[in-house]
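Given next are the chains, with one letter for each unit.
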Amino acid sequence: FSTESDKSRHKELEEEIKKIEDEIDNIFSQALIIAKEKNDQSILANVLQARGDRTNINLIRFKSECMRGKLGVKLWVKFDLLRRPLFDFFTVMSLKQWKKIREMTKSFIQDILNAAKIFEELGVVNAGYTYYTLANDLNTLYRFGAANKYLNKARSIAKKYNDALLLRQMEILQAVIKEKN
């Protein structure tokens, strides 16, 4: 920070962000309670998917914050191999940060998978889009094996419902994964 007032303002903004994040967590908790009380599986699946998406966004933001100002970031950007989850720990973050990222990753994957399972039980094509979204998120995190696994699940659902748009999106993502992997 260039001045003490900049540092102070940064701290104030961080506190405000924390309050908003807590409020969002509370809203998700309340939405889950309502969906369960009403026994509305569609709402439950949508809330789980939204919470998983939010956790993934927070994960990417946290990972970016961990990388800020680190010497290993130049290597991480230059060499694709270093972007794999195992190497993150060695190049750009502490063990504590790596563990938090691992937990956030597990959390968002579980929410998305629970949403997809509910959509499948409801017999709607949303399950395919949910698996596709998960595959795309995992691709972003350089988890190509898992991305392909869920892309295949999305593909089978898209074929079942003859969803041409989803099939086309999956072709594009498959090409991206193949190029990176």
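You'll find the structure just up there.
Scoring rules and cut-offs
Residues numbered from 1 in each chain as written. Predicted model: local features only at pLDDT ≥ 70, side-chain atom pairs only at ≥ 80, totals over all residues. Heavy atoms only, no water. 1 Å grid on protein atoms, 1.4 Å probe; cavity = no way out; pocket = protein on both sides within 12 Å on 5 of 7 lines; lining within 4 Å. Points joined across faces, edges and corners; volume = space filled by probe spheres on them. Helix = DSSP H or I, 4+ residues; strand = E, 2+ residues; numbered from the N terminus. Nonpolar A, V, L, I, M, F, W, Y, C, P; charged D, E, K, R; others polar. Expected span 1.5 Å × (residues − 1). Buried < 20%, exposed > 50% of the residue type's maximum accessible area, 1.4 Å probe, protein only. Arc of directions from axis to C-beta. Core = buried A, V, L, I, M, F, W, Y, C linked by side-chain atoms within 4.5 Å. Contact = heavy atoms within 4.5 Å. Phe/Tyr/Trp six-rings, centres within 6.5 Å; stacked < 30°, edge-to-face > 60°. Lys NZ or Arg CZ within 6 Å of the ring centre and 35° of its normal. Polar contact = N/O pair within 3.5 Å; in protein donor to acceptor, adjacent residues only side chain to side chain. Axes fitted to C-alpha atoms, helices over the stretch in contact; angles between N-to-C directions. Parallel < 35°, antiparallel > 145°, perpendicular 65-115°, else oblique. Left-handed = near helix turned anticlockwise from the far one by under 90°.

A.B. asks: I'd love a proper account of the layout of surface pockets, names of residues and values included.
C.D. replies: The calculated volume of the largest pocket comes to roughly 470 Å³. Together, 16 residues line the largest pocket, and Glu14, Ile17, Glu21, Arg61 and Glu65 are the ones closest to its centre. Every element with two or more residues in the lining of the largest pocket is listed here: helix H1 (4–37), helix H2 (41–67) and helix H5 (95–122). Residue contributions to the lining of the largest pocket peak at eight residues, all from H1. For the lining of the largest pocket, the residue count by class is four nonpolar, two polar and 10 charged.

A.B. asks: Any details on helix H8 (residues 164–180)? Residues and values, ideally.
C.D. replies: For H8, spanning 17 residues, the distance from its first C-alpha to its last is 25 Å, which sits close to the expected 24 Å at 1.5 Å a residue. When H8 is considered as a whole, its buried residues turn out to be Leu166, Met170, Leu173 and Ile177. The buried side chains of H8 occupy one side of the element, clustering within an arc of 70° when seen end-on. Opposite its buried face, H8 presents the exposed residues Ala164, Leu165, Lys178 and Glu179, each directed more than 90 degrees away.

A.B. asks: Could you give an account of the nonpolar core, with specific residues and numbers?
C.D. replies: Core analysis: the biggest nonpolar cluster contains 39 residues, and Phe108, Tyr132, Leu134, Leu138, Leu151 and Met170 have the highest contact counts within it. Broken down by secondary-structure element, the contributors of at least two residues to this core are H1, H2, H5, helix H6 (126–140), helix H7 (144–160) and H8. Top element by residues in this core is H5. It accounts for nine residues. Sequence-distant contacts of Met170, defined by excluding residues within four places in its chain, comprise Tyr132, Leu151, Ala154, Arg155 and Ala158.

A.B. asks: Tell me what's going on with the packing of aromatic side chains, and back it up with residues and numbers.
C.D. replies: Tallying each qualifying case throughout the model produces two aromatic pairs. Measuring from centroid to centroid gives 5.4 Å for Tyr142 and Phe144, while their planes differ by 65°, and the two rings are edge-to-face. You'll find Tyr142 and Phe144 in the same group, each marked buried. The ring of Phe62 carries Lys100 above its face, with NZ or CZ at 4.4 Å from the centroid. Its end group placed over the ring of Tyr142, Lys180 keeps NZ or CZ at 4.9 Å from the ring centre.

A.B. asks: Tell me about the side chain of Thr130, and please be specific about residues and values.
C.D. replies: Inspection of the secondary structure puts Thr130 in helix H6. Within the structure, the side chain of Thr130 is placed 3.3 Å from the side chain of Gln49, a separation counted as a polar contact.

A.B. asks: Could you give an account of unusual backbone geometry, naming the residues involved and the relevant values?
C.D. replies: One non-glycine residue with positive phi stands out, namely Asn39, at about 55°. Mapping Asn39 onto the fold places it in the loop between H1 and H2. Relative accessible area serves as the criterion here: at 59%, Asn39 is assigned to the exposed category.

A.B. asks: So, the packing of H5 against H6: which residues are in play, and what are the values?
C.D. replies: It is the contact of H5 with H6, at a shortest axis distance of 8 Å, that shows an interaxial angle of 160°. If you check the angle between H5 and H6, you find them roughly antiparallel. The two elements H5 and H6 meet at a crossing, and its hand is left-handed. On H6, the residues that touch Phe108, Ile109, Ile112, Leu113, Ala115, Ala116, Lys117, Phe119 and Glu120 of H5 are Asn126, Ala127, Thr130, Tyr131, Leu134, Asp137 and Leu138. The residue makeup of the contact of H5 with H6, split by class, is 11 nonpolar, two polar and three charged.

A.B. asks: Let's hear about the packing of H1 against H2: which residues, and what values?
C.D. replies: Contact pair H1 / H2: the axes reach a minimum separation of 9 Å and the direction vectors enclose 160°. One finds that H1 runs roughly antiparallel with respect to H2. In the crossing of H1 with H2, the sense of the turn from one axis to the other is left-handed. Contacts between H1 and H2 involve Glu21, Ile24, Asp25, Phe28, Ala31, Leu32, Ala35 and Lys36 on the former and, on the latter, Ile43, Leu44, Val47, Leu48, Ala50, Arg51, Arg54, Asn58 and Arg61. When its residues are assigned to classes, the contact of H1 with H2 shows 10 nonpolar, one polar and six charged.

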